[in-house]
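# Analysis of the macromolecular model
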Protein chains: 2
Amino acid sequence: MTQAATRRTPTLEDVAEAAGVSRATVSRVVNKKGTVDEGLRRRVLEAIDATGYVPNAAARTLVNRRTGTIALVMSGSDGSAAQVFADPFFGRITGGVVTYLRERAMHPTLMLADSDQARQDALDFVRRGNADGAILVSTHAGDPLPRLFVDAGVPAVLFARPADPVPISFVDLDHEAGAALAAAHLAERGCRRIATIAGPADLPAAIGRLSGFQRAMERHGVPYVHVARGNFTADSGERAMAELLAMDPELDGVFAANDLMAVGALRVLRDHGRSVPDDVALIGFDDSEPAQLTRPRLTTVYQPVEQMSAEMGAMLVALLADPDTPPSSVIFDPRLIVRESA
Amino acid sequence: MTQAATRRTPTLEDVAEAAGVSRATVSRVVNKKGTVDEGLRRRVLEAIDATGYVPNAAARTLVNRRTGTIALVMSGSDGSAAQVFADPFFGRITGGVVTYLRERAMHPTLMLADSDQARQDALDFVRRGNADGAILVSTHAGDPLPRLFVDAGVPAVLFARPADPVPISFVDLDHEAGAALAAAHLAERGCRRIATIAGPADLPAAIGRLSGFQRAMERHGVPYVHVARGNFTADSGERAMAELLAMDPELDGVFAANDLMAVGALRVLRDHGRSVPDDVALIGFDDSEPAQLTRPRLTTVYQPVEQMSAEMGAMLVALLADPDTPPSSVIFDPRLIVRESA
DNA sequence: GTGAAAGCGCTAACAG
DNA sequence: CTGTTAGCGCTTTCAC
């Protein structure tokens, strides 16, 4: 407990001296490696306590080639920092990643890749050994990020299947299945005049949700559904819903490709005097925070983001342990959360 | 461009050899420090390119005592990881911090301090030199985190004034002023039967908003306002609003201490047949995402979280540059965002 | 079981 | 302007 002179932060050397042993021995007890006589061990522990010793991470990393840090790279379309972090998705992924990593004494460093420069910075960050590997969250199409990391031979895993094929491990949701869940629920309610608010046409997730919905509706005897596009924001959901209402004022069922757009749709539905779910049944996707904030609460397709994030962590850890691990993918099953809107 | 043998990642030494100069010279051109003959500089640059050299962060840190990383510690009440990250606040702070740091080639490592163990881990992370300092986001009362860091002599700054006095720099909002803005707006609209949904009684921010609101209403000739407590969640806002309505069914103005509670209040107001803002005017606090998702959109008190985060970054950078910088605080001014709910 | 010694890759005086 | 020389603090064979 006695503090050593406050001069300089104590090193292994100091502890060794205080305990009357060699640096190697101190290292062994600190890292619980090898075998050390119990008596000595005790003496060393006391010396550590007395000196207030704390291992130096940089020195350790220099020899171990491990930092215990991984880069969590959020890939935003060029420019928008605020946008990325405002997305409720971001929080869920982050939470999942942190929760998984912390149990392994690892930590994520947050990086935003929203420009060529930023992408390069993120890559260099890992290459310089600031992090052992990277978790890439790429939600927009044609993102050069995955390719960049793979080509550089940097250990990385991905959230969401890449738009262009890249040999990298990733997790994703079975978007078709999720959309099919929504379709089945709508059909079951007896909805026959169906519309959907789709996401960006170049985003694999949006594509899957749209095609999955159309196909499933077909199976349920509804060969045609009205389609309007949004960009996953509430405002775009409003616009799309207005379009849809114009196309067919008698609509009785709507599937939005994410919750935020569903929230927007809900607003214009109400403004147009439609009661939800009585006149029009509405289903969202994601089960994000906003879904529970609306009135009626949103029936929506749950995406196990936290689990998916943990799986990414596991994939990366495996890749770090054996760099030759071949790429793999894990596709998660969605679940329909029935609340009030459908 | 030619890749060196893929054996081992190239070091300064390799570059020096390839360029026919000493390590020191290479170091100088890499770090743009000192002066190097233009001819040599060019040769070195070519060698770097040829070898594919990337500086090793650990080695650098070992001598520089700087990592370029700061710990962004989110302090949650014990247990709830998901909760913390789901809060829209988290995203805004993170965005602000990332934006500020990245321009200085710095990066935040995310840590969750929701238990004694986790707090200790966060502290050790910085003490081991994994990070140069810490930004502490402490939103709950009696949080031991600030004290812990200060006592350990670790450079740290804080979001929100600590409940118990601790010598540490922090940013905060002028909560009283924000509440006064809301009060003035309500008074101006002619509201006379006023209520407020307050936050946790032990949280400085909540205390300030409540007392500020009460005092301001008094000045506007309304000596008494009904008070119900929530815990900053939408559900608690619902409960509180129900209580308030029971206390005084003729209410015509409500101030909620945050947007989430306002969202909850909005729901029960609607359920009880009150039209907002015509029957009851409602004002929230924070101007978070949900405020814009409701219908009517929430009139709310804007908190410049991104700026506040940047200021924390600046405070920490200053502290890192000169550890003797005395603690300081910067209190930001709120702004009333008038939308539709009041 | 324990110590001595050789680095890990880089920076920073200090000479030249 | 450039090279030489010490380390930064730790881990890890390899002897003893």
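Conventions and cut-offs
- Residues numbered from 1 in each chain as written.
- Chains lettered and ligands numbered in written order.
- Predicted model: local features only at pLDDT ≥ 70, side-chain atom pairs only at ≥ 80, totals over all residues.
- Heavy atoms only, no water.
- Helix = DSSP H or I, 4+ residues; strand = E, 2+ residues; numbered from the N terminus.
- Rg over C-alpha atoms; globule rule 2.2 N^0.38 Å.
- Buried < 20%, exposed > 50% of the residue type's maximum accessible area, 1.4 Å probe, protein only.
- Contact = heavy atoms within 4.5 Å.
- Lys, Arg positive; Asp, Glu negative; His and termini not counted.
- Charge placed at Lys NZ, Arg CZ, Asp CG, Glu CD.
- Buried area = accessible area lost by both parts, 1.4 Å probe.
- Salt bridge = Lys/Arg side-chain N within 4 Å of Asp/Glu carboxyl O.
- Polar contact = N/O pair within 3.5 Å; in protein donor to acceptor, adjacent residues only side chain to side chain.
- Nonpolar A, V, L, I, M, F, W, Y, C, P; charged D, E, K, R; others polar.
- Expected span 1.5 Å × (residues − 1).
- Near = heavy atom within 4 Å.
- Pairing = 2+ DSSP bridges.
- Axes fitted to C-alpha atoms, helices over the stretch in contact; angles between N-to-C directions.
- Least-squares fit on C-alpha atoms with pLDDT ≥ 70 in both.
- pLDDT = per-residue confidence, 0-100.
- Domains from an automatic or database assignment.
- Phe/Tyr/Trp six-rings, centres within 6.5 Å; stacked < 30°, edge-to-face > 60°.
- Lys NZ or Arg CZ within 6 Å of the ring centre and 35° of its normal.

Identification of chain A as LacI family DNA-binding transcriptional regulator from Kribbella yunnanensis is taken from an unreviewed UniProt entry.

### Describing the overall build of chain A
Across its full length, chain A holds 14 helices and 12 strands. Here the C-alpha atoms of chain A give a radius of gyration of 26 Å, more than 25% beyond the 20 Å that 2.2 N^0.38 yields for 342 residues. Each of the three principal axes of chain A carries a C-alpha extent, and together these read 85 × 40 × 35 Å. Burial status across chain A gives 54% buried among its 342 residues. In chain A, the share of contacts with a sequence separation of at least 24, taken over all contacts with a separation of at least 6, comes to 73%. Treating the 35 positive side-chain charges of chain A as one cloud and the 43 negative ones as another, the clouds have centres 6 Å apart.

### Quick word on the interface of chain A and chain B
Listed as interface residues are 47 residues of chain A and, on the opposing side, 47 residues of chain B. Summed over both partners, the interface of chain A with chain B buries about 3,900 Å², with 60% contributed by carbon and sulfur atoms. The largest share of the area that chain A buries against chain B comes from Arg128, Leu293 and Arg295 of chain A, three residues that together contribute 16% of it. Note that Asp114 of chain A is salt-bridged to Arg102 of chain B, the shortest N-O span being 3.1 Å. Across the chain A-chain B interface, the total number found is 15 residue pairs in polar contact (both at pLDDT 80 or more). Counting only elements with at least two residues in the side of chain A that touches chain B, the list comes to helix 4 (57-64), helix 5 (81-86), helix 6 (88-102), strand 2 (107-113), helix 7 (116-127), helix 11 (234-247), helix 12 (259-271) and helix 13 (289-293) of chain A. It is helix 6 of chain A that contributes the most residues to the side of chain A that touches chain B, seven residues altogether. Of the residues belonging to the side of chain A that touches chain B, the class tally is 22 nonpolar, 14 polar and 11 charged.

### Regarding helix 9 (residues 175-189) of chain B
Side chains three or four residues apart in an α-helix point the same way, a direct result of the helix having 3.6 residues per turn. All names here are of chain B. Between its terminal C-alpha atoms helix 9 stretches 22 Å, which fits the 21 Å expected from 15 residues at 1.5 Å a residue. Residues His175, Gly178, Ala179, Ala180, Ala182, Ala183, His185 and Leu186 constitute the buried set of helix 9. After helix 9 finishes, the residue Gly190 shows a positive phi value of roughly 95°.

### Some words on the protein's contact with DNA strand C
Thr35, Asp37 and Arg65 of chain A together with Leu12 and Tyr53 of chain B are the nearest of the 29 residues found near DNA strand C. A distance of 2.5 Å separates a phosphate oxygen of DNA strand C from a polar atom in the side chain of Thr25 of chain A. Asn31 of chain B places a polar side-chain atom, nitrogen or oxygen, 3.0 Å from a phosphate oxygen of DNA strand C. Those elements that provide at least two residues to the surface near DNA strand C are helix 2 (23-31) and helix 4 of chain A together with helix 2 (23-31) and helix 4 (57-64) of chain B. Its residues placed into classes, the surface near DNA strand C shows 13 nonpolar, eight polar and eight charged.

### With respect to the sheet that holds strand 8 (residues 253-256) of chain A
Residue and element names in this part refer to chain A. Overall, mixed pairing links the six strands, which are arranged 7-6-8-9-10-12 in an open sheet. Each having just a single partner strand, strand 7 (226-229) and strand 12 (335-337) make up the two edges of the open sheet. Direction aside, the axes of adjacent strands within the sheet are offset by 20° on average. In this sheet, strand 10 (residues 299-302) lies alongside strand 9 (residues 281-286) in parallel orientation, the contact comprising four bridges. Residue pairing for strand 10: Ile283 is matched across the bridge by Thr299. Of the strands in this sheet, strand 6 (194-198), strand 7 and strand 8 touch helix 11, which is tilted by about 150° from strand 7. Packed onto the sheet, helix 12 meets strand 6, strand 8, strand 9 and strand 10 and runs at close to 160° relative to strand 9.

### Considering the relation of the copies chain A and chain B
What connects the two chain copies is a rotation about an axis and a shift along it. Of the transformation placing chain A onto chain B, the axial shift is 0.1 Å and the rotation is 180°, giving an RMSD of 0.1 Å. In short, the pair behaves as if placed about a two-fold rotation axis. Closest approach to the rotation axis within chain A is made by the C-alpha atom of Thr109 of chain A, at a distance of 2.0 Å. A share of 100% of the interface residues of chain A reappears at the interface of chain B, consistent with the copies meeting face to face through the same patch.

### Focus on the side chain of His175 of chain B
Mapping His175 of chain B onto the fold places it in helix 9. Leaving out residues up to four positions away in the same chain, His175 of chain B has contacts with Ala205, Gly208, Arg209, Phe285 and Gln303 of chain B.

### A look at helix 10 (residues 204-219) of chain A
Residue and element names in this part refer to chain A. With 16 residues, helix 10 extends 22 Å from end C-alpha to end C-alpha; this agrees with the ideal 22 Å at 1.5 Å per step. When we look at burial in helix 10, the residues that qualify are Ala205, Ala206, Gly208, Arg209, Leu210, Gly212, Phe213, Ala216 and Met217. On the buried face of helix 10, the contacting elements are helix 9 (175-189), strand 6, strand 7, strand 8 and strand 9. Just past helix 10, the residue Gly221 takes up positive phi, approximately 85°.

### Considering the confidence of the model for chain A
When pLDDT is averaged along chain A, the result is 93, and 97% of the positions lie at 70 or above. In this model residues 1-6 of chain A is a low-confidence stretch, pLDDT under 50, and it forms eight contacts with partners more than four residues away in sequence or in other chains.

### Here we look at the domain arrangement of chain A
Domain annotation for chain A reports domain 1 (3-55), domain 2 (69-173 + 306-334) and domain 3 (175-302). Here the C-alpha centre of domain 3 of chain A lies 63 Å away from the C-alpha centre of domain 1 of chain A.

### So, the packing of aromatic side chains
Taken as a whole and assessed by the stated rule, the structure comprises nine aromatic pairs over all chains. Centroid distance Phe89 of chain A to Phe159 of chain A: 6.0 Å. Interplanar angle 85°. Geometry classified as edge-to-face. Taken together, the positions of Phe89 of chain A in helix 6 and Phe159 of chain A in strand 4 (residues 156-159) put the pair 70 residues apart, joining distant regions of the chain. The same class applies to Phe89 of chain A as to Phe159 of chain A, namely buried. Following the ring pairs from residue to residue traces out a cluster consisting of Phe85 and Phe90 of chain A together with Phe85 and Phe90 of chain B. Sitting over the face of the ring of Phe285 of chain A, Arg209 of chain A holds its NZ or CZ atom 3.8 Å from the ring centroid.

### Points about the sheet that holds strand 10 (residues 299-302) of chain B
Residues and elements named next belong to chain B. The mixed open sheet is built from six strands, whose spatial order is 7-6-8-9-10-12. Strands with a single pairing partner mark the edges of an open sheet, and in this sheet they are strand 7 (226-229) and strand 12 (335-337). Strand after strand, the sheet turns through a mean of 20° between neighbouring axes, direction not considered. Bridge count for strand 8 (residues 253-256) against strand 9 (residues 281-286) is three bridges, and the pairing is parallel.

### Concerning the pairing of strand 10 of chain A
Both strand 10 of chain A and strand 12 of chain A contribute to a ladder of three bridges, which runs antiparallel. Within strand 12 of chain A, the position partnered with Tyr302 of chain A by the bridge is Arg335 of chain A.

### Notes on the protein's contact with DNA strand D
With respect to spatial proximity, 28 residues lie near DNA strand D, and among them Leu12 and Tyr53 of chain A together with Thr35, Asp37 and Arg65 of chain B are the closest. Here, DNA strand D places atoms within 4 Å of the protein, and 68% of those atoms are sugar or phosphate. Contacts to DNA strand D include Ser27 of chain A, whose side-chain N or O atom sits 2.9 Å from a phosphate oxygen. The separation between a phosphate oxygen of DNA strand D and a polar side-chain atom of Asn31 of chain A is 3.0 Å. For the surface near DNA strand D, the secondary structure elements donating two or more residues are helix 2 and helix 4 of chain A together with helix 2 and helix 4 of chain B. The leading source of residues in the surface near DNA strand D is helix 4 of chain A, at five residues. Among the residues making up the surface near DNA strand D, the classes are represented as 13 nonpolar, eight polar and seven charged.

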